[in-house]
Amino acid sequence: MLFRSIAAGAYHSFAIADSGTVYAWGANNFGQTGIPSHAGDSDTIIPLPTPIPALGAYAIRAIASGEHHSLACTQEGQVLIWGRSNDHQAGLSLSTLPLSTLPDSTSTSTSTSTLILDSRARPPILAPTLIPDLSSVEAVAAGIDNSFAVTSRGGTSYAWGFGANYRTGLGTDESVETPTLVGEGKIITVAECGGQFSVLAGPGEVAGERPIMSAYDKVMAGPAGMQKYGLLDAPYRFGRLRV
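Now for a description of the structure that goes with this document. All values reported here derive from a predicted model rather than from experimental measurement.

1. Focus on the sheet that holds strand E12 (residues 146-151)
Then, number 1: Read across the open sheet, the 4 strands follow the order E11-E12-E13-E14; overall the sheet is antiparallel. For this open sheet the edge positions go to strand E11 (137-142) and strand E14 (176-182), each flanked by a neighbour on one side alone. Between one strand axis and the next, the sheet turns through 20° on average, direction left out of account.
Then, number 2: Pairing geometry for E11 and E12, over 5 bridges, is antiparallel. Residue pairing across strands places Val137 opposite Thr151, the latter belonging to E12.

What follows is the structure in structure tokens.
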């Protein structure tokens, strides 16, 4: 079996096969793998790469994982998120989701709209759930408890989640509940997260010069650069990065 993409969180991992199937393994104590088996149990582990049932209905473009949460964007530009959500990692208002109980160990539920609380009322566990009002997303990134989505709409980027140390880039150390425009007026083409910091980058803006970006020696400038994620696996080189 061949895989085209992998991602690793603090204690869990993902791999996207050439067939489009998304596999997950590792810690599942907050449902961060997206696999319903024993999701939320304190010592739950998915020992082997296992297909995520709820993502079977989507063509997944990219996936990212934080400490206890995960998110993915589809080929259609939608964003799904799941896992821990006690500091707005979910990027949506939990009050809008129907409340349920944890699935049993034999569940193969593919629900994409259920808020799940464990028996001890610990932070909610989310089955892969669409974030409303996010579209045209080409890439996602996850920090410990915060996330970013980069769109193809003029390089706009959105941030949400835990805000300590100003890691959302929104000028506040408060947690941000829903995706909020970050770097307004800037062309953002890359978002990455470290442990307690984040990086947004894009083509430089130099007087008398056009922003230049190249991939596989194909030069893309200005608005055309927004198509770069069609070559997401390419070794990108940016001229005059603005960070």
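Right, picking up where we left off after that structure.
2. Observations concerning the packing of aromatic side chains
Then, number 1: Under the defined criterion, the tally for this structure stands at 2 aromatic pairs.
Then, number 2: Consider the rings of Phe14 and Trp82, whose centres lie 6.0 Å apart with planes at 85°: the pair is edge-to-face. Of this pair, Phe14 sits in strand E2 (residues 12-17) while Trp82 sits in strand E7 (residues 79-84), and the two are 68 residues apart along the sequence.
Then, number 3: In this structure Trp82 comes out as buried when scored by relative accessible area, which is 1%.

3. Let's talk about unusual backbone geometry
Then, number 1: The residue Asp133 is not glycine, and still its phi comes out positive at about 70°.
Then, number 2: Inspection of the secondary structure puts Asp133 in the loop between strand E10 (125-130) and E11.
Then, number 3: Its identity is not glycine, yet Tyr166 carries a phi of approximately 60°, on the positive side.
Then, number 4: Within the fold, Tyr166 resides in the loop between strand E13 (157-161) and E14.

4. Concerning the sheet that holds strand E3 (residues 22-27)
Then, number 1: The 4 strands lie next to each other as E1-E2-E3-E4, forming an open sheet whose pairing is antiparallel. This sheet does not close on itself; its edge strands, each paired only once, are strand E1 (3-8) and strand E4 (45-51). With direction set aside, neighbouring strand axes in the sheet form an average angle of 10°.
Then, number 2: Summarising the sheet, E1 and E2 pair through 5 bridges and their orientation is antiparallel. Its bridge partner lying in E2, Ile6 is registered against Ala15.

5. Observations regarding the pairing of E7
Then, number 1: Within E7, 5 of the 6 residues are buried, which leaves the element mostly enclosed by the surrounding structure.
Then, number 2: Pairing analysis gives 5 bridges linking strand E6 (residues 69-74) to E7, with the strands arranged antiparallel. Each bridged residue has a counterpart across the sheet, and for His69 the counterpart in E7 is Gly83.
Then, number 3: Linking two consecutive strands that pair antiparallel, namely E6 and E7, is a turn of 4 residues; a positive phi of about 90° is found at Gly77 within it.

6. Thoughts on the environment of Phe30
Then, number 1: In this structure, Phe30 sits in the loop between E3 and E4.
Then, number 2: Classification of Phe30 by relative accessible area gives buried; the value is 9%.
Then, number 3: Measuring from C-alpha to C-alpha, the distance between Phe30 and His69 comes to 7.6 Å, with 39 residues separating the pair along the chain.

7. Side note on the side chain of Asp145
Then, number 1: Topologically, Asp145 is positioned in the loop between E11 and E12.
Then, number 2: Other than its neighbours up to four places away in sequence, Asp145 contacts Glu67, His69, Asp87, Gln89, Gly161 and Phe162.

8. Observations concerning the environment of Pro47
Then, number 1: Tracing the chain through its elements places Pro47 in strand E4.
Then, number 2: Among the residues examined, Pro47 registers a relative accessible area of 67% and is labelled exposed.
Then, number 3: Considering only alpha carbons, one finds Pro47 and Ala24, 23 residues apart in sequence, at a separation of 9.3 Å.

Criteria and thresholds
Residues numbered from 1 in each chain as written. Predicted model: local features only at pLDDT ≥ 70, side-chain atom pairs only at ≥ 80, totals over all residues. Heavy atoms only, no water. Pairing = 2+ DSSP bridges. Helix = DSSP H or I, 4+ residues; strand = E, 2+ residues; numbered from the N terminus. Axes fitted to C-alpha atoms, helices over the stretch in contact; angles between N-to-C directions. Phe/Tyr/Trp six-rings, centres within 6.5 Å; stacked < 30°, edge-to-face > 60°. Buried < 20%, exposed > 50% of the residue type's maximum accessible area, 1.4 Å probe, protein only. Contact = heavy atoms within 4.5 Å.

In short, geometric facts, not functional conclusions.
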